[in-house]
Amino acid sequence: MRGLMQQTPLTIDSIFRYVERHHGDKTIVTNSPTGPVRTTYAEWAVRTRKLGGVLDTLGISADGRVGTFAWNSARHLELYFAVPSTGRVLHTLNIRLFPEQLTYIANHAEDEAVFVDRTVLPLLWPLIDTMTTVRHVVVMDDGGDNEIPDDPRVSLYEDLIAAAEPIDFRVEDENTAASMCYTSGTTGNPKGVLYSHRSTVLHTMAVVQPNVFGMAETDVVMPVVPMFHANAWGLAQAGPAVGAAMVFPGPMMQPKALADLIVDEGVTFTAGVPTIWQGVLPELEGREHVLRDIGCGGSAVPKALSEAYRERVGLPILQAWGMTETHPVATSARLPRRLFDGSDDDKASYRARAGIPFMGVEVRIVEAGTTDELPWDDVATGELQVRGSTTALDYYKPDAGVELATSDGWMKTGDVAAIDPTGSVRIADRTKDLIKSGGEWISSVDLENAIMSHPKVKEAAVIGIPDPKWDERPLACVVVADGQELTADEVIEHITPMVAKWWLPSAVEFIDEVPKTSVGKFSKKDLRTRFADYRA
């Protein structure tokens with residue numbers, strides 16, 4: 001017997017119609033070099049429908065890829081909805097990638113147009129002739145003063161919007177591709193993840209759950225995580241889906257500018273990578289705010305950073321875990337009720353975990369190279385694998401030999417993890433970042449967390465260096481906090497009670513800054529290159 005329910009497709013245009021009809025009075029604020037720019041969802045909706053008409057006028061094909069090269073803004077949000085709501089595919093280009101990677105990605109995706117903020121136009125324009133399928137470059141004026149090329153391929157966003165007529169949105173097939181995002185390509189070429197309308201709506205419904213981000217109509221949401229990185233962690237759809245007001249940093253990503261927005265605009269929920277929150281902490285400390293949650297992900301949140309926010313700002317960091325391939329959010333470490341009366345240390349330790357997957361996502365750990373599951377005892381570690389309706393099945397036009405899925409249908413994450421009896425995930429490391437010393441594994445993440453708990457340490461990254469006896473040994477690369485002095489002996493003394501003796505780094509190197517990837521994660525690949533010939 002089959003149920004007798006309507007089969008309404010799960011599509012992004014349904015989110016658009018909802019916020020257009022029911023929350024038109026809510027505000028959208030975008031920061032700019034000249035100050036905040038304000039609009040409402042009602043005004044935004046009219047412009048978004050006109051943008052759909054612009055795509056028709058430009059002659060973008062029915063399933064054409066439309067690139068964006070832009071900061072977080074109301075205009076970018078217009079693209080987030082207009083492009084997929086016309087059946088086309090939104091492709092967010094990372095403005096921090098190397099030129100050759102940008103060219104590769106645009107050509108691999110076969111972008112037909114790129115919408116670019118004027119402040120970053122000089123990063124894109126020199127590459128346009130290498131992007132073989134791009135026929136249109138649409139410049140969005142975000143307060144920059146860069147010269148706009150006199151070229152027939154170039155047009156101005158506001159001129160196109162002014163001349164366009166609004167159109168209706170209706171996507172019939174929920175499995176139609178909606179957007180695509182490429183991994184940062186730390187090994188090999190960047191890989192494309194192609195999200196569907198259905199997966200996007202399901203991910204949106206998941207992240208607004210109380211166990212995840214707990215978003216509601218009463219919130220003011222500020223995505224600091226870039227809209228060009230992993231779908232802005234779903235916040236650009238989740239905010240409108242619940243009718244929350246939105247605040248976008250635009251190009252003003254300086255720590256003080258972010259802290260000012262949080263305070264001045266009454267932000268209740270925000271999210272970004274750990275390196276962002278390290279910079280914002282001193283700017284936010286001591287100021288009145290109405291934040292209820294600070295979401296953090298992209299890399300492991302140092303326990304010391306979360307506790308610093310709890311002590312100095314009044315609330316700890318809420319850690320989540322995911323990947324571009326999981327849409328991206330898959331777990332959340334919201335504190336469970338059983339720990340409400342626990343010790344501060346127990347609570348802090350739990351918050352440093354990746355947490356429990358949201359409904360619709362399953363997790364397991366297995367022996368490397370097998371499908372043999374390991375126990376959920378928080379001791380055994382293995383490769384973390386996931387499956388669910390918001391998890392990628394395969395990459396878009398993958399290179400030969402690249403396999404995302406296992407033989408029994410689970411997605412390989414490349415993370416090494418343990419899982420406790422309640423299903424809470426603890427990330428031990430990335431597979432490629434584990435250090436194998438004397439046949440045993442050492443977690444660089446655990447070592448980094450221990451080192452960064454030292455009050456004089458600003459940042460720390462741990463990599464493996466060659467060792468003739470043990471194969472590999474840990475090297476700690478440490479950035480000392482401003483105005484502080486620190487010795488290698490002090491670092492080792494501090495972490496000795498926290499880790500096994502054989503885990504202790506063989507050497508400590510003090511560096512000016514830990515190199516970062518295009519999305520703000522520690523770039524251990526660069527450190528391994530720098531210290532390739534290092535001997536302790």
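To be clear, the structure that these remarks concern was listed above.
Residues numbered from 1 in each chain as written. Predicted model: local features only at pLDDT ≥ 70, side-chain atom pairs only at ≥ 80, totals over all residues. Heavy atoms only, no water.

## Here we look at unusual backbone geometry
And step 1. His327 connects to Pro328 through a cis peptide bond whose omega is 10°.
And step 2. With respect to the helices and strands, Pro328 occurs in the loop between strand E14 (317-322) and strand E15 (329-332).
And step 3. Here the phi dihedral of Trp233 falls at roughly 55°; this positive angle occurs in a residue that is not glycine.
And step 4. Structurally, the position occupied by Trp233 is in the loop between strand E10 (220-223) and helix H8 (235-242). (Helix = DSSP H or I, 4+ residues; strand = E, 2+ residues; numbered from the N terminus.)

## Focus on the sheet that holds strand E23 (residues 457-467)
And step 1. Pairing is mixed across the open sheet formed by three strands, whose spatial order is E23-E24-E25. Every other strand in the sheet has two partners, leaving E23 and strand E25 (507-510) as the edge strands with one partner each. Each strand axis lies, on average, 25° off the axis of its neighbour in the sheet, ignoring direction.
And step 2. In this sheet, strand E24 (residues 471-480) lies alongside E23 in antiparallel orientation, the contact comprising ten bridges. Opposite Ala460, over in E24, you have Val478 as the bridge partner.
And step 3. The strands that helix H13 (residues 444-452) touches are E23 and E24; relative to E23, the one it contacts most, it runs at about 140°. (Pairing = 2+ DSSP bridges. Axes fitted to C-alpha atoms, helices over the stretch in contact; angles between N-to-C directions. Contact = heavy atoms within 4.5 Å.)

## Quick notes on helix H9 (residues 255-264)
And step 1. Residues of H9 that are buried include every one of Ala257, Leu258, Ala259, Asp260, Leu261 and Ile262, and no others.
And step 2. Of the surrounding elements, those touching the buried residues of H9 are E10, strand E11 (245-248), strand E12 (269-272) and helix H10 (274-284). (Buried < 20%, exposed > 50% of the residue type's maximum accessible area, 1.4 Å probe, protein only.)

## Thoughts on the side chain of His23
And step 1. One can find His23 in the loop between helix H1 (12-22) and strand E1 (27-30).
And step 2. For His23, the side chain forms a polar contact with the side chain of Tyr18, separated by 3.2 Å.
And step 3. His23 has contacts with Tyr18, Tyr41, Glu217, Val242 and Gly243, leaving out every residue within four places of it along the chain. (Polar contact = N/O pair within 3.5 Å; in protein donor to acceptor, adjacent residues only side chain to side chain.)

## Let's talk about the pattern of salt bridges
And step 1. Enumeration over the complete set of coordinates arrives at 35 salt bridges.
And step 2. Taking the shortest distance from any N to any O, the salt bridge between Arg334 and Asp293 comes out at 2.9 Å. On the criterion of sequence distance, the pair formed by Arg334 in the loop between E15 and helix H12 (344-351) and Asp293 in strand E13 (residues 293-296) is long-range, its members being 41 residues apart. (Salt bridge = Lys/Arg side-chain N within 4 Å of Asp/Glu carboxyl O.)

## Let's talk about the pairing of strand E8 (residues 177-182)
A regular strand carries its side chains on alternate faces of the sheet.
And step 1. Burial runs high along E8: five of the six residues are buried.
And step 2. One ladder, built from two bridges, connects strand E4 (residues 89-92) with E8; its direction is parallel. Looking across to E8, one finds that His91 is bridged to Met180.

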